[in-house]
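What follows is the residue order along each chain.
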Amino acid sequence: MLIKIRRKHDVTENDTTGELVYRRRRDFIRASTAVAAGALIPGLMIPGNSNASIDFSAVVKSKYSVKQKKTSYEAITTYNNFYELGNGKKDPKINADRLKTSPWSITVEGKCNKPGQYHLEDFVSPYQLEERVYPLRCVEAWSMVIPWVGVELGNILKSIEPMSSAKYVEFHSIDDPENLPGQSRRVLDWPYKEGLRIDEAMHPLAILAVGLYGKELPNQNGAPIRLVVPWKYGFKSIKSIVKIRFTEHQPSTAWNTSAPNEYGFYSNVNPTVPHPRWSQKRERRIGEFFKRDTLPFNGFADEVSHLYRGMDLTKNY
Ligand code: MTE
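Residues numbered from 1 in each chain as written. Predicted model: local features only at pLDDT ≥ 70, side-chain atom pairs only at ≥ 80, totals over all residues. Heavy atoms only, no water.

Trainee: Please clarify how the overall build of the protein should be interpreted in this entry.
Mentor: Scanning the protein from terminus to terminus reveals seven helices and 13 strands. By residue count, 56% of the 317 residues in the protein fall in the buried class. Looking at the protein alone, contacts between residues at least 24 apart form 75% of all its contacts between residues at least 6 apart. (Helix = DSSP H or I, 4+ residues; strand = E, 2+ residues; numbered from the N terminus. Buried < 20%, exposed > 50% of the residue type's maximum accessible area, 1.4 Å probe, protein only. Contact = heavy atoms within 4.5 Å.)

Trainee: Is there a simple way to explain the site of the ligand in this structure?
Mentor: By nearness alone, 15 residues border the ligand, and N80, Y83, E84, S173 and K239 come closest of all. S173 is positioned with one of its side-chain polar atoms (N or O) 2.8 Å from a nitrogen atom of the ligand. Contact distances for the ligand include 3.0 Å between an oxygen atom and a side-chain N or O atom of N221. Across the complex, the protein chains shield 100% of the 530 Å² of accessible surface that the ligand would expose by itself. Considered class by class, the residues forming the shell around the ligand number six nonpolar, six polar and three charged. (Near = heavy atom within 4 Å. Polar contact = N/O pair within 3.5 Å; in protein donor to acceptor, adjacent residues only side chain to side chain. Areas by Shrake-Rupley, 256 points an atom, 1.4 Å probe, with all protein chains shown as cover. Nonpolar A, V, L, I, M, F, W, Y, C, P; charged D, E, K, R; others polar.)

Trainee: Would you mind showing me how to read the environment of G222 here?
Mentor: Looking at the element boundaries, G222 is found in the loop between β9 (215-216) and β10 (226-228). Sequence separation of G222 and S173 is 49 residues, and the distance between their C-alpha atoms is 9.1 Å. Beyond its immediate sequence surroundings of up to four residues, G222 is in contact with F82, L217, K239 and S240.

Trainee: For this particular structure, what's the right way to read the packing of aromatic side chains?
Mentor: What characterises a pair of aromatic rings is the spacing of the ring centres plus the angle enclosed by the ring planes. Tallied over the full model, the rule gives 12 aromatic pairs. Pairing F235 with Y263 gives two aromatic rings, centres 5.5 Å apart and planes at 75°, and the pair type is edge-to-face. Pair noted here: F235 is in the loop between β10 and β11 (241-247) and Y263 is in the loop between α6 (254-258) and β12 (282-285), with a separation of 28 residues, a long-range link. Each member of the pair, F235 together with Y263, is buried. (Phe/Tyr/Trp six-rings, centres within 6.5 Å; stacked < 30°, edge-to-face > 60°.)

Shown next, in the form of structure tokens:
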């Protein structure tokens, strides 16, 4: 990715959470304890291992998985992009223990009927965990095939009840400059932000992953919970999510804000639209010698191309 040195925001949105918002969240959390279990409700923060309650033996195979050779666990967990943990591909693994994943909560806000602060478990235990074997195509023209474990994003979002005015969903990664070494550098306007149009987010291919290769997500891969949108370039699949916001207008996203002419909001994998500095026609599959052709929508054109009917994807890249 293009690395630019930017002026870091002096004050983040987290720092400016007002007393009223704080009180509302606290009241919401209290109220939630009185509601019957099972429904998606903002939970209490439970200290301990963030993934302790995830039962990986309950994972089922999915019809959406691709039948391609999986990249090795070793490669998936040692060749990463996670700029909060450093700029080099090996840095995220080296600095993985700087990411504190416990306790973990996810704040939900904006145009929805069930805002609040949710425990990680609320996003996992009511749903079927699935293994989804997906190719991940990075905008840098390399790819991997990763057996994710996760839940359909759309099912979670529906439980939060987006309002009809919610046209987009915005995601924020953890913001912890004291612990995350990359956040002391002005690579991006931290926190890392991403977004999807609501119909993209509701598509059954989009998941929130909590594991890979049948076990807990390693920190360098975005623990404890990250987005996976397999038909888009990898940078849309935001890691270590702490906030989800429903919005009326297209949210600003980290790479698009940093270099709008290089990284579009949609960023669907598209071999016909070159990056301004390199071709996107072919890709290097990690672990393979010869390059292979990049497929439109990363091979998921039949499933998702209808989402973009009538749009000029060379302009809305
Ligand atoms: N999410 C955050 N918070 N920070 C990042 O630097 N990098 C993105 C994406 N999600 C990134 C992120 C990019 S560029 C890619 S290609 C994928 O994560 C890489 O995921 P992986 O390291 O699990 O293969």
